[in-house]
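# Working through the structure, step by step
Listed here are the chains, written in short residue letters.
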Amino acid sequence: MNLSDLKNNETAFVSTVGGSNAFHLRLEEMGFVPGQEVTRLYASPLGSPIVFSMLGQRVALRRGEAEQISIVSEWGDVARERPETSGEMVSRVLPERAESCHSSCCAGCAGCGHSRRSRRSGRMSGKADKADVSVALVGNPNCGKTAFFNAASGGHERTGNYAGVTVGSVERHVVFEGTRLRIVDLPGTYSLRAFSPEEAFVSNELAKNDVDVIINVLDVNNLERNLLLTVQLRERGIPMVGVLNMYDEFRTSDSRLDVAELERRLDMPLIPAVAKHKEGVEDTLRAAISLARKHKTVQQPAGGKSTWTVTERTKWPTDGTGAHAFIHELLDGIYELKEGRTLRLTALADKFLARTPLAYLLFFLLMGLIFYATFEIGAYPMEWMEGGVDRLSGWLSSVMTAGWGRDLLVGGIIGGVGSVIVFLPNILILYFFISILEDSGYLSRAALLADPLLRRVGLHGKSFIPMLMGFGCNVPAVMATRTIESRKSRLVTMMTLPFMSCSARLPVYTVLSGAFFPEYAAWMMLALYAGGILAAFSSAWLLNKFFHRSEESHFVMEMPPYRMPVMYGVLRHTWEKGRQYLHKMGGIILIASVVVWALGYFPHSVEKVTPAQQQEQSFLGQIGHAMQPVIEPLGYDWRMGVGLLSGIGAKELMVSTLGVLYNVPEDVDEDGARTRLSEALQASDISQAAALGYLVFALLYFPCLATIAVIRGESGRWKYALFTAAYTTAVAYVAAFIVYRVALLF
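Before going into details, it helps to say that this report is about the structure given with it. (Residues numbered from 1 in each chain as written. Predicted model: local features only at pLDDT ≥ 70, side-chain atom pairs only at ≥ 80, totals over all residues. Heavy atoms only, no water.)

### Section: the sheet that holds strand β4 (residues 57-61)
- The sheet built from six strands is open, its strands ordered β5-β1-β2-β3-β4-β18 with antiparallel pairing. Unpaired on one side and paired on the other, β5 (69-72) and β18 (557-558) mark the two borders of the sheet.
- Sheet topology note: the strand β1 (residues 11-17)/β5 ladder contains four bridges and is antiparallel. The residue bridging F13 from the neighbouring strand is V72, located in β5. (Pairing = 2+ DSSP bridges. Helix = DSSP H or I, 4+ residues; strand = E, 2+ residues; numbered from the N terminus.)

### Overview of the pattern of salt bridges
- Scanning the entire structure with this criterion turns up 17 salt bridges.
- A salt bridge links D132 to R180; the shortest N-O distance between them is 3.0 Å. One end of the pair, D132, is in the loop between β6 (89-93) and β7 (133-139); the other, R180, is in strand β10 (residues 179-185), and 48 residues separate them in sequence.
- In this structure D132 comes out as partly exposed when scored by relative accessible area, which is 30%.
- The closest approach of N and O atoms between E336 and R256, which form a salt bridge, is 3.7 Å. Residue E336 is located in strand β17 (residues 335-336), and its partner R256 is located in strand β13 (residues 256-257); the two are separated by 80 residues in the primary sequence.
- What makes R256 partly exposed here is its relative accessible area of 38%.
- When salt bridges that share partners are traced, they join E177, E282, D283 and R286 into one network. (Salt bridge = Lys/Arg side-chain N within 4 Å of Asp/Glu carboxyl O. Buried < 20%, exposed > 50% of the residue type's maximum accessible area, 1.4 Å probe, protein only.)

### Description of helix α25 (residues 638-646)
- Of all the nine residues making up α25, eight are buried; the element is thus mostly covered by neighbouring parts of the structure.
- Of the surrounding elements, those touching the buried residues of α25 are α22 (611-617), α23 (619-626), α24 (628-631), α26 (652-661) and α28 (688-700).
- Among the residues of α25, the N-terminal cap falls to D637, whose side-chain oxygen and the backbone nitrogen of R639 are separated by 3.2 Å. (Contact = heavy atoms within 4.5 Å. Polar contact = N/O pair within 3.5 Å; in protein donor to acceptor, adjacent residues only side chain to side chain.)

### Considerations on the packing of aromatic side chains
- Overall, the coordinates contain 15 aromatic pairs when judged by the stated rule.
- Residues F499 and Y727 carry aromatic rings whose centres are separated by 6.1 Å and whose planes lie at 75 degrees to one another, so their mutual orientation is edge-to-face. Of this pair, F499 sits in the loop between α18 (487-496) and α19 (506-516) while Y727 sits in helix α30 (residues 718-743), placing them 228 residues apart in sequence. Like F499, the residue Y727 is buried in the burial classification.
- For the pair Y601 and F602, a centre-to-centre distance of 4.9 Å together with 80 degrees between the ring planes defines the contact as edge-to-face.
- By relative accessible area, which is 29% here, F602 ends up partly exposed.
- Aromatic rings pair up to connect Y636, Y694, F697, Y701 and F702 into one cluster.
- Residue placement shows R445 over the ring face of Y562; its charged tip is 4.3 Å from the ring centre.
- Looking at K651, its charged tip hangs above the ring of F702, at a distance of 5.9 Å from the centre. (Phe/Tyr/Trp six-rings, centres within 6.5 Å; stacked < 30°, edge-to-face > 60°. Lys NZ or Arg CZ within 6 Å of the ring centre and 35° of its normal.)

Next up, the structure:
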């Protein structure tokens, strides 16, 4: 009998777990070990994934994954393994570096042995910062660790982001009661076995001798699962304080825990806390400072090579069934968990938001609201910022002497920086809503609903939100892929997002559809959007066949209870993502914009020429003429080629560039310019077949430099960004060629 055979509210015990090593370890971290009691709660409206309850948590598995877990109906049918817990004292020297993550899922993070080069951004260089005590926050995802970090740091002094490729830590320096503290918030992880990038990052950071004391944040409502990480941290021999977070929910549910006895059994201080209300935070910091000063175990041998030496410590099981059985014994008789108000409200909300077909209606309404707010409401501040950039450009043009220096500053630098800044309102609004979805617990439900649809093409359920955002702007859409845990699914989503037709392409569609297909313009627009979706899904399916084939993508997802988001944390997270966007994108876009400007400006004629003549004689125009043999099979002339080149900077530039090349007057408004351009294109020798192919090319090749830059920033590798640019352009060329040749037959 398999776990997938259970009916709602039926309970059984895990017997064996099949599947790959990665899948087996992932399930083991979540508590699916022989002898563990599991209850099926419900399935998504399409029958998969299925949500199970165990160890005080809710975990979702795809039906196919649940089929790999064998179960029995009676406790006595499972020989529950018991670890040896003798009082043997051992002395152990931990390695200088932890094991690197498994090669099948390695992301080359800063602390990983597979990393190709050392990344200073991935280090916790606390000694250089001269802090009295260096504190590392470690805990499971959804345990309230970041809320504790925000409460402990209080926004004092400086913030530093030390990010690896897919994971990173946030550091703050504070002074607490006269002691200088360096507090580092490490990524949430379920264990330290270094099989995933997150685990490898945390494991290696703790092995760098930069940490004086660990604050282990525990969800007291999910203590049995959280303690698996605790016993692994104890093996590191670093002084540690435990934080029993979310204790308010624990109290109101009438649950019971003998804190003093658990402290004795774990041999570490435990502080009840409610991080979002800052309760217990100061007590924890005092305990951490006292423990760090009393029990520092870092020694500097004569050779100058630092190692951790651990003495007088009980050897505990840290892996497999033995670890879970040991934790069960630790809590035996002192921990009783009851269903509280939070879990009852979660069960009630899931009836409407996750279990019935009504959930899909509410899901699409919510996604539509986010889409509308991001790109419709966000359009107002975006227009204000565009107006500000235009006014600044106009003022500089009026006060500076005419020449290439003024044109560089106005057209290249101001234009380049402005192209990044104007998207900031969309970024902030998007991440405001994503932060609310994450903190409230709904994002896991959204992934649950979308996964049955997207997994057919190899995507994760969480890929839905970025793809929806892609219809507005690919830049925030790529940044939204951060919510996808699987690196393979995240990268595939990034590389297929450019096929989703962003709003910047709309002017191109409007002009060409109005010029060549006026009677079918609406149907043409619909076909283009549908074609973009088809291209994205087809590419995702294809890339999954050839890209990281050995890496698996599972849907083993914790379904946290619904909680009210803390507005301070939401706003803080929103601004941090906006700041990261400006930091990562600004330099790359500025350089690229200056290059594009220079190609269109030089060589600059000293004689008075029309803008169209200047464009033709520029390097950009020369490139357009040079590439004409390549684009001629598509039915394009050199001017259409230059339009495609200008679209690399931003798709909106295609219309303005074509307007210049087809001699549209400059003294008309935007709508008038589009109408005049449509008339000019109609009067040209461009055929309907070529125009149709041009629309397809504009739809499919990468939208702008900002998107390529953000793919590089989010993936951490230029190769993924350059591959995306080359791949989408190749797909656009082949598709445009086929459409053009087929259209010629009619």
